[in-house]
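Results of the structural survey
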Amino acid sequence: MASSDSQPRFGQSVKGLLSDKVGSCSGDVIALTRQVLKGSRSQELLSQAARNMVIQEDAILHSEDSLRKMSIITTHLQYQQEAIQKNMENSRNLQDQLRHLLK
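Below: a short report on this structure. Just so you know, these numbers come straight off a predicted model, no measurement behind them.

1. A short note on the overall build of the protein
- Along the backbone of the protein there are 1 helix and 0 strands.
- Over its C-alpha trace the protein gives a radius of gyration of 44 Å, far above what one expects of a compact globule, namely 13 Å for 103 residues.
- Put simply, the protein has 103 residues, and 0% of those count as buried.
- Accessible surface computed for the protein: about 9,700 Å², of which carbon and sulfur atoms make up 61%.

Dropping the structure here:
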């Protein structure tokens, strides 16, 4: 009888251990699933960051091009300003000469 009494206890003990092991494995599967989802989200974030970086790089290149063009325009405006100043000086000289002649 001792063996028949120990048989159910042993079976329940094994069932309890098996149940604990299944619970532990379920927890591990859930943790693994969360980690995979987290990794997937990280990949999405990295992809978005890469796209944003490309957009920013394009904006920087466009800004550099605009600055180059503005520099050229500034140089041309300086030449025009110098030419206008010379013409004003010449105009003043001519006005002075006309006044002198008309006196």
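2. A few points about a nonpolar patch on the surface
- Taken together, Leu98, Leu101 and Leu102 make up a surface patch of nonpolar side chains, about 390 Å² in accessible area.
- Positionally, Leu98 belongs in helix α1 (residues 2–102).

3. Observations concerning the pattern of salt bridges
- Scanning the model with the defined rule gives 4 salt bridges in all.
- Where Asp65 meets Arg68, a salt bridge forms, and the shortest distance between an N and an O atom there is 3.5 Å. On the criterion of helical spacing, the pair formed by Asp65 and Arg68 is a turn pair, its members being 3 residues apart in helix α1.
- A residue is classified by how much of its surface remains accessible, and Asp65, at 29% relative accessible area, is partly exposed.
- Three or more residues are tied together by salt bridges with common partners; here these are Asp65, Arg68 and Lys69.

About the cut-offs
- Residues numbered from 1 in each chain as written.
- Predicted model: local features only at pLDDT ≥ 70, side-chain atom pairs only at ≥ 80, totals over all residues.
- Heavy atoms only, no water.
- Helix = DSSP H or I, 4+ residues; strand = E, 2+ residues; numbered from the N terminus.
- Rg over C-alpha atoms; globule rule 2.2 N^0.38 Å.
- Buried < 20%, exposed > 50% of the residue type's maximum accessible area, 1.4 Å probe, protein only.
- Areas by Shrake-Rupley, 256 points an atom, 1.4 Å probe, with all protein chains shown as cover.
- Patch = residues over 30% accessible without salt bridge, like charges linked within 9 Å, V, L, I, M, F, W, Y side chains within 5 Å.
- Salt bridge = Lys/Arg side-chain N within 4 Å of Asp/Glu carboxyl O.

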